[in-house]
Amino acid sequence: MDDLSLIRRAQAGDSTSFAELLDLYYETIHRFAWKWCGHAANADDIAQQACIKLATSLPQYRFQAAFTSWLYRLVISCAQDWQRTQTRHVHHELPETEPAPGADDAENSIYLLQLLGQLERLGEGMKETALLVHAEGLSHADAGVILGVSESTISWRRLSTSNVISALGNSRSTISRICSADGLKAPTLLADNVSRPR
């Protein structure tokens, strides 16, 4: 069964089709959640919220954009909701930093947390753009559809986020280890298109 048929059956209330759809896209949901927050336990929370929201929002999907674009938008919304709750709920039991899954040392985790913090301070849409373009490897056009902005806006945001990444002194090996956590391929955008300080 193709994805569109699966989505239509899930929208009609077929629980087996919804379970198959969730199995098919859960890795994408969780991977993006982890890249959003940089902490496995928090990524689990975001992914859980996204799965619940997927169940309640799936009937609203109208096939006007790619399902993955709609799904990224849903996960971003859940991640933003989760982030707003963090000012009200402090997790004392969680360590301040957690090594990225599969990473050799805590340096990746520290770098990721610094990077996410810097991107957060850049303003609305910047973190989302960086994660979609750099970490997920999406085109500027696809990221624009997901975020509801023009391709040129994504291009400007990518340039701004690349400057932050460059200022943190990234290296190809560090980016590759961070992005390849859980066996993910490292996008070439981060390592290859960032101007390096001289």
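Caption draft 1: The overall build of the chain, seen in detail. Within the chain, the regular secondary structure consists of 10 helices and zero strands. Sequence-ordered secondary structure for the chain, helices as α and strands as β, is α-α-α-α-α-α-α-α-α-α. The burial tally for the chain puts 44% of its 198 residues in the buried class. Taking the contacts inside the chain whose residues are at least 6 apart along the sequence as the reference set, 65% of them involve residues at least 24 apart. For the chain, the exposed surface amounts to about 10100 Å²; the carbon and sulfur share of it is 51%.

Caption draft 2: View of the nonpolar core. Counting 40 residues, the largest nonpolar core has Leu21, Leu54, Leu58, Phe67, Leu74 and Leu132 as the members making the most contacts within it. Those elements giving two or more residues to this core turn out to be helix H1 (3–11), helix H2 (15–37), helix H3 (40–57), helix H4 (67–85), helix H5 (107–121), helix H6 (126–135) and helix H7 (140–147). The element contributing the most residues to this core is H4, with 10 residues. When residues no more than four places from it in sequence are discounted, the contact partners of Phe67 are Ile7, Leu21, Tyr25, Leu54, Leu58 and Tyr61.

Caption draft 3: Representation of the packing of aromatic side chains within the structure. Here the structure, examined in full by the defined rule, presents six aromatic pairs. Aromatic pair Tyr61 and Phe63: ring centres 4.7 Å apart, planes at 55 degrees, arrangement tilted. Exposure remark for Tyr61: the relative accessible area of 5% places this residue in the buried category. When its relative accessible area of 27% is taken as the criterion, Phe63 is described as partly exposed. Pairwise contacts between aromatic rings join Tyr25, Tyr61, Phe63, Phe67 and Trp70 into one cluster. Sitting over the ring of Phe63, Arg8 keeps its end group 4.3 Å from the ring centre.

Caption draft 4: Structural detail: the pattern of salt bridges. Scanning the entire structure with this criterion turns up five salt bridges. Note that Arg31 and Glu136 form a salt bridge whose closest N and O atoms lie 2.7 Å from each other. Pair noted here: Arg31 is in helix H2 and Glu136 is in the loop between H6 and H7, with a separation of 105 residues, a long-range link. Among the charged side chains, a salt-bridge network with shared partners connects Arg31, Lys35 and Glu136.

Caption draft 5: Region of interest: the packing of H6 against H7. It is the contact of H6 with H7, at a shortest axis distance of 9 Å, that shows an interaxial angle of 140 degrees. In terms of orientation, H6 lies oblique with respect to H7. The hand of the H6/H7 crossing is right-handed. For the pair H6 and H7, contact is made by Glu128, Thr129, Leu132 and Val133 and by His140, Ala143, Ile146 and Leu147, respectively. Across the contact of H6 with H7, the residue classes tally to five nonpolar, two polar and one charged.

Criteria and thresholds
- Residues numbered from 1 in each chain as written.
- Predicted model: local features only at pLDDT ≥ 70, side-chain atom pairs only at ≥ 80, totals over all residues.
- Heavy atoms only, no water.
- Helix = DSSP H or I, 4+ residues; strand = E, 2+ residues; numbered from the N terminus.
- Buried < 20%, exposed > 50% of the residue type's maximum accessible area, 1.4 Å probe, protein only.
- Contact = heavy atoms within 4.5 Å.
- Areas by Shrake-Rupley, 256 points an atom, 1.4 Å probe, with all protein chains shown as cover.
- Core = buried A, V, L, I, M, F, W, Y, C linked by side-chain atoms within 4.5 Å.
- Phe/Tyr/Trp six-rings, centres within 6.5 Å; stacked < 30°, edge-to-face > 60°.
- Lys NZ or Arg CZ within 6 Å of the ring centre and 35° of its normal.
- Salt bridge = Lys/Arg side-chain N within 4 Å of Asp/Glu carboxyl O.
- Axes fitted to C-alpha atoms, helices over the stretch in contact; angles between N-to-C directions.
- Parallel < 35°, antiparallel > 145°, perpendicular 65-115°, else oblique.
- Left-handed = near helix turned anticlockwise from the far one by under 90°.
- Nonpolar A, V, L, I, M, F, W, Y, C, P; charged D, E, K, R; others polar.

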